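Results of the structural survey
Spelled out from the first residue to the last, the chains are:
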Amino acid sequence: MDKKTIRDVDLTDQRVLVRVDFNVPLDDGTVTDDNRIRAAVPTIRAILDEKPRAVILMSHLGRPKGERKPELSLKPVAPVLQDLLGEEVHFVEDTIGDQAKQAIEELPRGGVLLLENTRFYPGEKKNDPDFSAQLAELGDIFVNDAFGSSHRAHASVVGVADHMAAVGGLLMEKEIEFLNNALADPGRPYVAILGGAKISDKIGVIERLLETADLILIGGGMANTFFAAQDIPVAESLVEEDAVDTAKQLMEQGLDKLVLPTDAVIADAFEADANSRTIDVMDGGVPDGWRILDIGEATIALFNEKLQGAQTVAWNGPMGVFELEPFAKGTFAVAQTCAELAQAGATVVIGGGDSASAVREAGLSDKVTHVSTGGGASLELMEGKELPGLAALNDK
Ligand code: ADP
Ligand code: MG
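The rules behind these values
Residues numbered from 1 in each chain as written. Chains lettered and ligands numbered in written order. Predicted model: local features only at pLDDT ≥ 70, side-chain atom pairs only at ≥ 80, totals over all residues. Heavy atoms only, no water. Patch = residues over 30% accessible without salt bridge, like charges linked within 9 Å, V, L, I, M, F, W, Y side chains within 5 Å. Areas by Shrake-Rupley, 256 points an atom, 1.4 Å probe, with all protein chains shown as cover. Salt bridge = Lys/Arg side-chain N within 4 Å of Asp/Glu carboxyl O. Lys, Arg positive; Asp, Glu negative; His and termini not counted. Charge placed at Lys NZ, Arg CZ, Asp CG, Glu CD. Helix = DSSP H or I, 4+ residues; strand = E, 2+ residues; numbered from the N terminus. Buried < 20%, exposed > 50% of the residue type's maximum accessible area, 1.4 Å probe, protein only. Near = heavy atom within 4 Å. Polar contact = N/O pair within 3.5 Å; in protein donor to acceptor, adjacent residues only side chain to side chain. Nonpolar A, V, L, I, M, F, W, Y, C, P; charged D, E, K, R; others polar. Domains from an automatic or database assignment. Contact = heavy atoms within 4.5 Å. Buried area = accessible area lost by both parts, 1.4 Å probe. Pairing = 2+ DSSP bridges. Axes fitted to C-alpha atoms, helices over the stretch in contact; angles between N-to-C directions. Core = buried A, V, L, I, M, F, W, Y, C linked by side-chain atoms within 4.5 Å. Phe/Tyr/Trp six-rings, centres within 6.5 Å; stacked < 30°, edge-to-face > 60°. Lys NZ or Arg CZ within 6 Å of the ring centre and 35° of its normal.

With respect to a positive patch on the surface
A surface patch of like charges, here positive, comprises Arg63, Lys65, Lys125 and Arg152. On the secondary structure map, Lys65 appears in the loop between β4 (54-58) and α2 (77-85). A relative accessible area of 68% means that Lys65 is categorised as exposed.

Written out as structure tokens, the structure reads:
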């Protein structure tokens, strides 16, 4: 990374203001998935090791629309972080101002404080200079470890960096290392796997991959729009009519690189207990009343074969509706192949929130090279876009 990190600065006796991504799912005040909190722990630990005056953590949570919404308080995150970190974590019920300042003053040396949800203030999303300045008053040095929020130019990600030294955390560094550097200069062959619900989310990524990757395997709901572009009937399958022309263009551009499914698992309802069977896509398409919910065995074998020998693999988007057990096979098979390739020395990078959950569910997240913590941010990096939250940090 060509930006400074916490390793390049002296944190001793400093009030270190850290933007983390604690935008975690809550169910009635309980954190139901602590992966993002876990991902921030190495950075917080590393900062504490440098004997700072205090570590002040800030994050957004959900979409409170610039208002104080008790159900979107970050308070339930503090005890979860405390357990993971093994250090006391204090919480203050405001994000800026006197109450926050007082809470920092009252912290013991090296204490950790979590501020309230940054999005309780409308200035956060507007990247408002006054709000940024008020946040900046709370620290002496700014650390951005919120990779998953860094595609947004918000006050706690971008504006605050105007006021003091601004460096990246260890998670930020790792994400950039794998999603940017590794994919910009990939070991070859470089095979990308794309899936998920919609093609429209990922057109930019496909265009970039047509330039950088050797092969692009397409599965998931996205493949349906490519079928429609070839006038293959897809019946009740998820299709984006608006993107059919784009799919046609992409197919013309990428004839020798795009690999589409040859068979599909179809169902007569969007339910786990629906009737299902496998069809050959080229054999008349999907019958009326049915929909594609997964790739079939022949496609699993085809993708597996195309992946053999890959030195770099980027995967974004599940191959089917993996949330329903009967339609998870394609996604888990690809996850398994990815894990085997990584174990054999390939660089395997997984981006996208749902793909990351699928890999975790398959118990394989430790077996691949990197599972990104950022959905939107990882897509934008894969598209080759600059992340505002990264651009705002000090150059090395
Ligand atoms: P990611 O978060 O990994 O980027 P997306 O958000 O683009 O992935 O897509 C994930 C969603 O795509 C999942 O909820 C999955 O159920 C859905 N999906 C995958 N295949 C299909 C399909 N054939 N039909 C409908 N939805 C699908
Ligand atoms: Mg998603």
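Describing unusual backbone geometry
Here the residue pair Arg188 and Pro189 is connected by a cis peptide bond, since its omega of 0 degrees sits within 30 degrees of zero. Within the secondary structure, Pro189 is located in the loop between α6 (170-184) and β9 (190-194). We note that Lys51 has phi near 55 degrees; this positive angle belongs to a residue other than glycine. Tracing the backbone through its elements, the reader meets Lys51 in the loop between α1 (35-49) and β4. Although it is not a glycine, Lys65 adopts a positive phi angle of roughly 60 degrees.

Looking at the site of ligand 1
Near ligand 1, the surroundings consist of 18 residues, among which Ala197, Lys202, Glu323, Asp354 and Ser355 are the closest. Between an oxygen atom of ligand 1 and a main-chain N or O atom of Ala197, the distance comes to 3.0 Å. One of the side-chain N or O atoms of Asn316 is found 3.2 Å from an oxygen atom in ligand 1. Starting from 590 Å² of accessible surface for ligand 1 in isolation, the protein chains cover 86%. When residues of the shell around ligand 1 are traced back to their parent elements, those giving at least two are α8 (220-229), β14 (291-295) and α12 (353-361). At three residues, α12 tops the list of elements feeding residues into the shell around ligand 1. Looking at the shell around ligand 1, its residues break down into six nonpolar, nine polar and three charged.

Concerning the domain arrangement of the protein
Taken domain by domain, the protein holds domain 1 (6-172) and domain 2 (186-382). One C-alpha centre belongs to domain 1, the other to domain 2; they are set 35 Å apart. Listed by partner, the interface residues are eight residues for domain 1 and nine residues for domain 2. Contact with domain 2 buries surface across domain 1, with Asn35, Phe147 and His151 losing the most and accounting together for 66% of the total.

Concerning the sheet that holds β14
With respect to topology, three strands assemble into an open sheet ordered β13-β12-β14, the strand pairing being antiparallel. In this open sheet, the two strands that pair with only one neighbour each are β13 (276-280) and β14. For this sheet, the mean angle separating the axes of adjacent strands, direction not counted, is 40 degrees. Both strand β12 (residues 263-267) and β13 contribute to a ladder of five bridges, which runs antiparallel. Bridge pairing in β13 places Ala264 opposite Ile279. Packing against the sheet, helix α10 (residues 297-307) makes contact with β12 and β14, and its axis sits at approximately 40 degrees to β14.

Points about the sheet that holds strand β16 (residues 347-351)
Reading across the sheet, the six strands line up as β11-β10-β9-β15-β16-β17 and stay open at both edges, with parallel pairing between neighbours. The open sheet has two edge strands, β11 (258-259) and β17 (370-371), and neither has a second partner. Relative to strand β10 (residues 215-218), β9 runs parallel, the two being bridged by four bridges. Each residue of the ladder has a partner; that of Ala192, found in β10, is Ile216. Helix α7 (residues 203-212) rests against β9, β10 and β11 of the sheet, and its axis sits at about 165 degrees to β9.

Brief notes about the pattern of salt bridges
The full count for this structure, using the stated rule, is 14 salt bridges. A salt bridge links Glu93 to Lys75; the nearest nitrogen and oxygen atoms lie 3.4 Å apart. Residue Glu93 is located in the loop between β5 (89-91) and α3 (97-105), and its partner Lys75 is located in the loop between β4 and α2; the two are separated by 18 residues in the primary sequence. For Glu93, a relative accessible area of 42% gives the class partly exposed. Where Lys385 meets Glu383, a salt bridge forms, and the shortest distance between an N and an O atom there is 3.5 Å. Residue classification places Lys385 among the partly exposed residues on the basis of a relative accessible area of 41%.

With respect to the nonpolar core
Ranked by internal contacts, the top residues of the largest apolar core, which has 72 residues, are Leu115, Ile199, Ile218 and Phe226. If you count residues domain by domain, this core takes at least three from each of domain 1 (6-172) and domain 2 (186-382). Beyond its immediate stretch of four places on either side in the chain, Leu115 contacts Leu17, Ile56, Leu57, Met58, Leu74, Phe91, Val92, Asp94, Thr95, Ala100 and Leu138. Among the nonpolar cores identified, the runner-up in size contains 28 residues, and Leu11, Phe22, Ala40 and Val77 belong to it.

Some words on the packing of aromatic side chains
Evaluated as defined, the whole model comprises one aromatic pair. On the numbers, 5.3 Å between centres and 25 degrees between planes, the contact of Tyr121 with Phe131 is stacked. You can see Tyr121 sitting in the loop between β6 (111-114) and α4 (122-126) and its partner Phe131 sitting in helix α5 (residues 129-136), a full ten residues away along the chain. Relative accessible area serves as the criterion here: at 4%, Phe131 is assigned to the buried category. The ring of Trp290 has Arg277 sitting right over it, with the charged end atom 4.9 Å from the ring centre.

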